[in-house]
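Fold and contact review
Here are the chains, one letter per residue:
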Amino acid sequence: MSIVRFDALKAVPWKNGLGITREIVVEPPGATMDDFLWRVSIADVDTASPFSVFAGVDRTIVLLEGDGFTMTLDGERQHALTTACEPFAFAGESRVDVRLAGGATRDFNLMVRRGHASGRIDVVRGPVTMDGSNIALLHVARGEATIDGEACAQGDTAIAPRSVTLRDNATALLIRIA
């Protein structure tokens, strides 16, 4: 188990250069945007910019902070990502345009190369203690947690946790990869 602290994440430009993202982990290590098997990151959205296109990738996005935004997928379908900690899955090759619901937002992203792996995000709210043996990553979206005996704060992510205790009013995103 290792913990990635939010403050240690480096902000880098999106694939399309129109926003910033902070990569938490990529598999295999050192993979690029074109050859990862799966990737987890946190993005800041502060303008009505289109998302980067990732052909052959299944994406799941979760609003962490802010008022959120409305996504228009392929010019037709709309989804309001305005409720925190509600995962929304979509195809990476979709053309996604964004209209902010208010100010800047922060969101959590899981990207999985279709046909090579699958992934999902489950939301768990505390107080709860659980076995982490089938969890690839756990992201503390709200509040505090103790993971394998180590204190974790909002924004921290544990890779391959074994035991997890979420405190009162804490919310975690559980990432499972197969």
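A brief structural summary. This is a predicted model, so every value here is computed, not measured.

Observations concerning the overall build of the chain
When its secondary structure is counted, the chain shows 0 helices and 18 strands. Relative to a compact globule of 178 residues, whose C-alpha radius of gyration would be 16 Å, the chain shows 16 Å and is just as compact. Principal-axis analysis of the C-alpha atoms places the extent of the chain at approximately 45 × 35 × 25 Å. Here the chain holds 178 residues, and 47% of them are scored as buried. Taking as baseline every contact in the chain between residues at least 6 positions apart, the subset at least 24 positions apart corresponds to 64%. Carbon and sulfur atoms provide 49% of the accessible area of the chain, an area that totals close to 8100 Å². Within the chain, one finds 18 positive and 23 negative side-chain charges whose respective centroids are separated by 1 Å.

Quick notes on the packing of aromatic side chains
On inspection of all chains with the given rule, the structure shows 4 aromatic pairs. Relative to Phe90, the ring of Phe88 has its centre 5.9 Å away and its plane inclined at 20°; by these criteria the two rings are stacked. The two residues Phe88 and Phe90 agree in class, both being buried. Each member of the aromatic cluster is reached from another via a ring pair, and the members are Phe51, Phe69, Phe88 and Phe90.

Details of the side chain of Arg106
Looking at the secondary structure, you find Arg106 in strand S10 (residues 105-113). Using a relative accessible area of 19% as the deciding quantity, one classes Arg106 as buried. Residues within four places of Arg106 in sequence aside, it is in contact with Phe6, Arg22, Ile42, Ala43, Asp44, Val62, Leu63, Leu64 and Glu65.

Here's the deal with the pairing of strand S5 (residues 57-65)
Put simply, side chains in a regular strand alternate between the two faces of the sheet. Taken across its 9 residues, S5 has 7 buried, putting it largely inside the fold. As judged from the 4 bridges shared by S5 and strand S8 (residues 88-91), these two strands associate in the antiparallel manner. In the strand pairing of S8, Thr60 is matched with Ala89.

Re the sheet that holds S10
In space, the 6 strands of this open sheet follow the order S2-S3-S4-S10-S5-S8, with antiparallel pairing throughout. Strands at the two margins of the open sheet, each flanked by one partner only, are strand S2 (11-13) and S8. Between one strand axis and the next, the sheet turns through 35° on average, direction left out of account. As defined by bridge partners, S2 adjoins strand S3 (residues 20-27) across 3 bridges and the pair is classed as antiparallel. Bridge pairing in S3 places Ala11 opposite Arg22.

Focus: the nonpolar core
If you look at the biggest cluster of nonpolar residues, it comprises 20 residues, and the most contacted ones within it are Ile24, Val40, Phe108 and Leu173. Of all the elements in the fold, those that place two or more residues in this core are S3, strand S4 (38-45), S5, S10, strand S13 (137-142) and strand S18 (171-177). Leaving out residues up to four positions away in the same chain, Phe108 has contacts with Ile24, Val40, Ser41, Ile42, Thr60, Ile61, Val62, Leu64, Ile121, His139, Leu173 and Ile175. Ranked by size, the runner-up nonpolar core spans 15 residues in total, among them Ile3, Ile135, Leu138 and Ala172.

So, the sheet that holds strand S9 (residues 96-100)
Across the sheet, 3 strands lie side by side as S7-S6-S9; this open sheet has antiparallel pairing. Strand pairing shows two members of the sheet lacking a second neighbour, strand S7 (77-81) and S9, which therefore form its edges. Neighbour-to-neighbour, the strand axes of this sheet turn through a mean angle of 20°, independent of strand direction. The sheet contact formed by strand S6 (residues 69-73) and S7 spans 5 bridges and is antiparallel. When the bridges of S7 are listed, Leu73 appears paired with Arg77.

Focus on the pairing of S3
Counted along the chain from S2 to the antiparallel partner S3, the turn is 6 residues long, and its residue Gly17 has a positive phi close to 75°. In terms of strand pairing, S3 meets S4 through 7 bridges, oriented antiparallel. Note on S4: the bridge partner recorded for Thr21 is Ala43.

The rules behind each value
- Residues numbered from 1 in each chain as written.
- Predicted model: local features only at pLDDT ≥ 70, side-chain atom pairs only at ≥ 80, totals over all residues.
- Heavy atoms only, no water.
- Helix = DSSP H or I, 4+ residues; strand = E, 2+ residues; numbered from the N terminus.
- Rg over C-alpha atoms; globule rule 2.2 N^0.38 Å.
- Buried < 20%, exposed > 50% of the residue type's maximum accessible area, 1.4 Å probe, protein only.
- Contact = heavy atoms within 4.5 Å.
- Areas by Shrake-Rupley, 256 points an atom, 1.4 Å probe, with all protein chains shown as cover.
- Lys, Arg positive; Asp, Glu negative; His and termini not counted.
- Charge placed at Lys NZ, Arg CZ, Asp CG, Glu CD.
- Phe/Tyr/Trp six-rings, centres within 6.5 Å; stacked < 30°, edge-to-face > 60°.
- Pairing = 2+ DSSP bridges.
- Axes fitted to C-alpha atoms, helices over the stretch in contact; angles between N-to-C directions.
- Core = buried A, V, L, I, M, F, W, Y, C linked by side-chain atoms within 4.5 Å.

Keep in mind these numbers describe shape, not what the thing actually does.
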